[in-house]
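Here is what each chain is made of, one letter per residue.
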Amino acid sequence: MRDLNVTAKSTTAQLRALADAHSAHNYHPLPVVIAHGEGAWVTDVEGRRYLDLLAAYSALNFGHRHPRLVAAAQRQLERVTLVSRAFDHDQFGPFCAELAALTGMEMVLPMNTGAEAVETAIKTARKWGYEVKGVPADQAVIVTFEGNFHGRTTTIVSFSTDEDARASYGPYTPGFRVVPYGDPAALAAAMDSRVVGVLIEPIQGEAGVVVPPPGYLSAVREACTAHGALMIADEIQSGLGRTGTTFACEHENVTPDMYLLGKALGGGIVPVSAVASSREVLGVFRPGQHGSTFGGNALACAVGREVIAMLSTGEFQERSAKLGTHLHDRLSALPRGAVRQVRGRGLWAGVEFATLSGREACERLAARGVLAKDTHGTTIRLAPPLVITGEDLDWALDQLDQAIR
């Protein structure tokens, strides 16, 4: 089965041809085949080095193969990796307690992927709505927002406004109201006694790092409180240091009823996600009503605990805030004829071009040794690992400046 002419010296072209022939074409990657990563840098199969300004959509907030995270994984690999939730293991309780403390919540429900966390939140909000709030059976509504990205399951794409993500996957799951992002009046009009939750990205990532108007998250919090609905903050991309604070909601001093976490929680080593909320909310579950074979496994919990420990010092949040200010200062100085708008917060930015497509900009950057990702036609997303040095960040921004001129 391995006789596919794959060797240690296989070229980018050979490996891309294999992928093109044997994998579904659900992605359109840049022509780069990575073989090694360390910190903010990766090296391809032919020895070319690139500075990674995508960080796997924030899953690599701590860079590639961070020594503390690799060591935590290796220690756990030597002991036990998976027992399922049929039994407890010695990492599970501490992980839940430590993540609850980081989020300021009482309980945690660990899962694997971001989409699983969102699905879990939907089920939680509906179950809470029926059993605690008293919404009539099968009438619960969850409010979501235009431009949202919460995953790609059939339920989640049912309330997507991105036709690429949604088209040809019907029939769609009912029970959602979609309103414009950043419009308090539209949200207020959508609220009624059947609304059990408002699912929001504090900053919309896939939409192009869209930051809501000042005061909007506070308005969402107030609307949820007034109507007895749960404010559900999807911080899978925006959380865990990305925006200069542990959670993006902190920029408006807003505390949601539920945090959804993922990506960086696994340290770039294993997929780890979690829902964090109060005892009243997550307490609606009873044994057998929701679960996951791999959710909360020993390896995931060990890595997640080290991530939490690293965040507990505030070092990475401080780096993100300081370097993020510099990032946005540099981006705001790009030529206005080439750049239509710059958005973002902390070490997270969306750069919208006036004349270039996002794909073309990413191809030019890759040719200069910088990796980024396009979205929605004319925008690229920049999300450097939080461990990036100031010198490397400036070098990457120099390449961007030259690439678009």
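Along each chain, numbering runs from 1 in the same order as the chain's sequence is written. Local features are withheld for residues below a pLDDT of 70 in this predicted model, meaning they are given only at 70 or higher, and side-chain atom pairs are given and counted only at 80 or more; totals for whole chains, interfaces and linings count all residues. Heavy atoms throughout the structure, all of them, feed into the side-chain values; hydrogens and water do not.

Describe the sheet that holds strand 7 (residues 195–200), and please don't skip the residues or the numbers.
Between any two strands, pairing holds if DSSP finds at least two bridges. A run of H or I in DSSP becomes a helix once it reaches four residues, and a run of E becomes a strand once it reaches two; helices and strands are each numbered from the N terminus. The sheet built from 7 strands is open, its strands ordered 4-10-9-8-7-5-6 with mixed pairing. The sheet is open, and its two borders are formed by strand 4 (107–111) and strand 6 (176–179), each paired with just one other strand. Between one strand and the next, the sheet's axes are offset by a mean angle of 20°, whatever the strand orientation. When strand 5 (residues 141–145) meets strand 7, the two strands line up parallel, connected through 3 bridges. Opposite V143, over in strand 7, you have V198 as the bridge partner. For this analysis, residues touch if any pair of their heavy atoms sits within 4.5 Å. A fitted line through C-alpha atoms represents every axis, and for helices the fit uses only the stretch in contact; the resulting angles, taken between N-to-C directions, go from 0 to 180 degrees. Sheet contacts for helix 4 (residues 92–103): strand 4, strand 9 (258–261) and strand 10 (273–277); angle to strand 4, the most-contacted strand, approximately 120°.

Tell me about the nonpolar core, residues and numbers included.
Formed by 68 residues in total, the largest nonpolar core has its most connected members in L99, L265, L331, F353, I380, L382 and L400. With 8 residues, helix 11 (residues 298–311) is the single largest residue contributor to this core. Excluding its chain neighbours within four sequence positions, the residues that come into contact with L400 are L331, L334, F353, L365, I380 and L382. Core analysis: the next-biggest nonpolar cluster, separate from the first, contains 27 residues, M111, A140, F159 and I232 among them. The set of buried Ala, Val, Leu, Ile, Met, Phe, Trp, Tyr and Cys residues whose side-chain atoms join them within 4.5 Å is what this entry labels a nonpolar core. Only protein chains enter the calculation, and the probe is 1.4 Å; a residue is then buried if its accessible area is under 20% of its type maximum, exposed if over 50%, and partly exposed in between.

So what about the packing of helix 12 (residues 315–332) against helix 14 (residues 390–404)? Which residues, and what values?
Where helix 12 contacts helix 14, the axes come no closer than 11 Å and their chain directions differ by 20°. Here helix 12 lies roughly parallel to helix 14, going by the angle between them. For the pair helix 12 and helix 14, the crossing hand works out as right-handed. Between helix 12 and helix 14, the residues in contact are L323, H326, L327, R330 and L331 and G390, L393, D394, L397, D398 and L400, respectively. Lys, Arg, Asp and Glu make up the charged group, whereas Ala, Val, Leu, Ile, Met, Phe, Trp, Tyr, Cys and Pro make up the nonpolar group; the residues left over, Gly among them, are polar. In terms of residue class, the contact of helix 12 with helix 14 is made up of 6 nonpolar, 2 polar and 3 charged. Here roughly perpendicular refers to angles of 65 to 115 degrees, roughly parallel to angles under 35, roughly antiparallel to angles over 145, and oblique to all remaining angles. Rotating anticlockwise by less than a right angle from the far helix to the near helix defines a left-handed crossing, while the corresponding clockwise rotation defines a right-handed one.

Help me get a handle on the packing of aromatic side chains, residues and values and all.
For any pair of aromatic rings, geometry is given as the distance between the ring centres together with the angle between the planes. Here the aromatic set is Phe, Tyr and Trp, taking the six-membered ring for Trp, and pairing holds for ring centres within 6.5 Å; pairs whose planes are under 30 degrees apart are stacked, those over 60 apart are edge-to-face, and all others are tilted. For the structure on display, the rule yields 7 aromatic pairs. Centre to centre, the rings of F62 and F316 are 5.0 Å apart; their planes meet at 90°, and the pair counts as edge-to-face. Separated by 254 residues along the polypeptide, F62 in the loop between helix 2 (55–58) and helix 3 (67–77) and F316 in helix 12 bring together distant segments of the chain. Across this residue pair, the class does not change: F62 and F316 are buried. Between F145 and Y181, the ring centres sit 5.9 Å apart and the planes meet at 85°, which makes this aromatic pair edge-to-face. Of the two residues, F145 is situated in strand 5 and Y181 in the loop between strand 6 and helix 8 (184–190); the sequence distance between them amounts to 36 residues. The residues F145 and Y181 share a single accessibility class, namely buried. A connected cluster of aromatic rings, assembled from ring pairs, spans F145, Y181 and Y216. The side chain of R49 reaches across the aromatic face of W41, ending 4.3 Å from its centre. A cation sits over an aromatic face here: R166 above Y172, 3.7 Å from the ring centre. Ring-over charges, as used throughout, are those where CZ of Arg or NZ of Lys falls within 6 Å of the ring centre and within 35 degrees of the ring normal.

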